[in-house]
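Below are the chains, spelled out letter by letter.
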Amino acid sequence: MDSFYRPVVITGNWKMYKTIEEAQSFVSQLIPVIEGSDVEVCLAVPFTAIYPLAQEVQQTSLMIGAQNMNDASEGAFTGEIAGKMLKEAGASFVLLGHSERRRLYHEDNAFINRKVRRAVEVGLRPVLCVGETLQEYEAGETRQVIQAQLTECLKDLTAEQLKSLIIAYEPVWAIGSGYSATPEIAQGVQSFCRQVMAEQFSSELAEQLVIQYGGSVNPSNAKELLSQPDIDGLLIGGASLSLESFIQIVNDSKSKIQSQG
Ligand code: PGA
């Protein structure tokens, strides 16, 4: 396992921040910085910014994606957006099951499962977010919760269909709180995720699977988190809104590739 190379994937989750103009200004300054870098850099942006940014990044390695989508292919669902529309607009990936969606918009594992299946069908890379609440953490239920989320959200999918999947482990108590999980805690859960994926699908899929950590990642903890063997990348909310801190995290993550080299 130690000689196996997994890409390092750093994703910014902008949530409901940035107008098209702000997004374009950010991206035009980011592009020259990541040119030629081996780190895969992705931005999950508001729907309105997907098309203009996708146009802007065409000749670059920067990936643009969405933060949510509906499970249906189309239909009378006022205010919703279909995977094929995101794909057409230039999105290459989509965040699914983010805890803010689960908590504020009552998304459950069955609904998220239908979204993952639809994303795979339309050719969007699914980034499945999993994580336990503070209450579950304190009750010692983390593994149970994560196992249920992985099993139910990935139900009826095959290893072949999940080749492009990314899993983001985001403990709910760490999101936006300023209290990141320690590298050891995150490593423990992420290695458990890999084990569940091996049992549920195949050891080959589990071994190549990119697993990100998310929750209060910032320039002062990114490097240490990434030094763990099962932390292949980061999903960054607040710190991805500032160009300076996002660039610093991307630059710091190069050390993981160097250590693998
Ligand atoms: P945070 O958010 O980095 O602001 O904690 C992470 C996320 O919600 O994906």
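What you see is a predicted model; the values in this text were computed from it and never measured.

Chemist: I would appreciate a short explanation of the overall build of the protein chain in the present structure.
Modeler: If you tally the helices and strands in the protein chain, you get 11 helices and eight strands. Relative to the globule expectation of 18 Å for 261 residues, the C-alpha radius of gyration of the protein chain, 17 Å, shows essentially globular dimensions. When the backbone C-alpha atoms are referred to their principal axes, the protein chain occupies close to 45 × 45 × 35 Å. Relative to its 261 residues, the protein chain shows a buried fraction of 52%. Excluding contacts between residues fewer than 6 apart, the proportion of contacts in the protein chain whose partners are at least 24 apart in sequence is 73%. Put simply, the protein chain shows about 11,900 Å² of open surface, and 50% of that area lies on carbon and sulfur atoms.

Chemist: I'm lost on the site of the ligand in this one. Help?
Modeler: Residues in close proximity to the ligand total 13 residues, the closest being Lys15, His98, Glu170, Gly176 and Ser216. In this structure, Gly176 approaches the ligand through a main-chain N or O atom, which is 2.6 Å from an oxygen atom. When the ligand is considered free in solution it has 280 Å² of accessible area, and contact with the protein chains removes 95% of it. When the residues that make up the shell around the ligand are grouped by side-chain class, the tally is four nonpolar, seven polar and two charged.

Chemist: Got a minute to help me understand the layout of surface pockets in this structure?
Modeler: By rolling a water-sized probe across the atoms, one finds the places where empty space is left. Reported here for the largest pocket is a volume of approximately 460 Å³. Looking at the largest pocket, it is lined by 18 residues, and the ones nearest its centre are Lys15, Met16, Gln67, Arg101 and Tyr105. Top element by residues in the lining of the largest pocket is helix α4 (residues 99-104). It accounts for three residues. Taken together, the residues of the lining of the largest pocket sort by class into nine nonpolar, five polar and four charged.

Chemist: Could you clarify how one ought to interpret helix α7 (residues 142-153) in this entry?
Modeler: Three or four residues apart is the spacing at which side chains of an α-helix point the same way, because the helix has 3.6 residues per turn. Here α7 contains 12 residues, and its C-alpha end-to-end distance of 16 Å stays within 8% of the 16 Å for a straight helix at 1.5 Å per residue. Every buried residue belonging to α7 is among Thr142, Val145, Ile146, Gln149, Leu150 and Cys153, and all of these are buried. Down the axis of α7, the buried set is contained in an arc of 125°. They therefore lie on one face.

Chemist: Mind showing me how you'd approach the sheet that holds strand β8 (residues 233-236) here?
Modeler: Working definition: the strands of a sheet are paired by backbone hydrogen bonds and lie parallel or antiparallel to each other. An order of β1-β2-β3-β4-β5-β6-β7-β8 is seen for the eight strands of this closed barrel, with the pairing classed as parallel. Each adjacent strand pair in this sheet contributes to an overall mean axis angle of 25°, direction not counted.

Chemist: Even after reading the chapter, I still don't get unusual backbone geometry, so can you show me in this structure?
Modeler: Excluding glycine, most residues fall at negative phi; most peptide bonds, likewise, are trans. In this model, Lys18 sits at a positive phi of 85°, which is unusual for a non-glycine residue. The residue Lys18 is located in the loop between β1 (9-13) and α1 (20-34) in this model. If you check the backbone angles, Asp156 has positive phi at about 65° while not being a glycine. Of note, Asp156 is situated in the loop between α7 and β6 (166-169). Among the residues examined, Asp156 registers a relative accessible area of 56% and is labelled exposed.

Chemist: Which parts of the structure should I look at to understand the environment of Tyr51?
Modeler: By the secondary structure assignment, Tyr51 is in helix α2 (residues 47-56). A sequence separation of 40 residues divides Tyr51 from Ala91, and the C-alpha atoms of the two residues are 7.8 Å apart.

Chemist: Sorry if this is basic, but what is going on with the side chain of Gln190 here?
Modeler: Of note, Gln190 is situated in helix α8 (residues 183-200). Beyond its immediate stretch of four places on either side in the chain, Gln190 contacts Tyr169, Ile211, Gln212, Tyr213, Asp230 and Ile231.

Chemist: Any chance you could explain the pairing of β8 here in plain terms?
Modeler: Look at any regular strand and the pattern is simple: side chains alternate between the two faces of the sheet. Of the two faces of β8, the one holding Gly233 and Leu235 and the one holding Leu234 and Ile236 are both buried throughout. Bridge count for β1 against β8 is four bridges, and the pairing is parallel. Looking across to β8, one finds that Ile10 is bridged to Leu234. Direction of pairing for strand β7 (residues 210-214) relative to β8: parallel, over a ladder of three bridges. Looking across to β8, one finds that Gly214 is bridged to Leu235.

Chemist: Looking at this structure, how should I read the packing of aromatic side chains?
Modeler: Given two aromatic rings, one states the distance between the centres and the angle between the planes to describe the pair. Under the definition given, this model contains four aromatic pairs. Relative to Trp173, the ring of Tyr137 has its centre 4.6 Å away and its plane inclined at 40°; by these criteria the two rings are tilted. Separated by 36 residues along the polypeptide, Tyr137 in helix α6 (residues 134-138) and Trp173 in the loop between β6 and α8 bring together distant segments of the chain. Here the aromatic cluster, defined as three or more aromatic residues joined through ring pairs, consists of Trp14, Phe26 and Phe246. The cationic tip of Lys18 hangs over the ring face of Trp14; the distance from NZ or CZ to the ring centre is 5.3 Å.

How each quantity is defined
Residues numbered from 1 in each chain as written. Predicted model: local features only at pLDDT ≥ 70, side-chain atom pairs only at ≥ 80, totals over all residues. Heavy atoms only, no water. Helix = DSSP H or I, 4+ residues; strand = E, 2+ residues; numbered from the N terminus. Rg over C-alpha atoms; globule rule 2.2 N^0.38 Å. Buried < 20%, exposed > 50% of the residue type's maximum accessible area, 1.4 Å probe, protein only. Contact = heavy atoms within 4.5 Å. Areas by Shrake-Rupley, 256 points an atom, 1.4 Å probe, with all protein chains shown as cover. Near = heavy atom within 4 Å. Polar contact = N/O pair within 3.5 Å; in protein donor to acceptor, adjacent residues only side chain to side chain. Nonpolar A, V, L, I, M, F, W, Y, C, P; charged D, E, K, R; others polar. 1 Å grid on protein atoms, 1.4 Å probe; cavity = no way out; pocket = protein on both sides within 12 Å on 5 of 7 lines; lining within 4 Å. Points joined across faces, edges and corners; volume = space filled by probe spheres on them. Expected span 1.5 Å × (residues − 1). Arc of directions from axis to C-beta. Pairing = 2+ DSSP bridges. Axes fitted to C-alpha atoms, helices over the stretch in contact; angles between N-to-C directions. Phe/Tyr/Trp six-rings, centres within 6.5 Å; stacked < 30°, edge-to-face > 60°. Lys NZ or Arg CZ within 6 Å of the ring centre and 35° of its normal.

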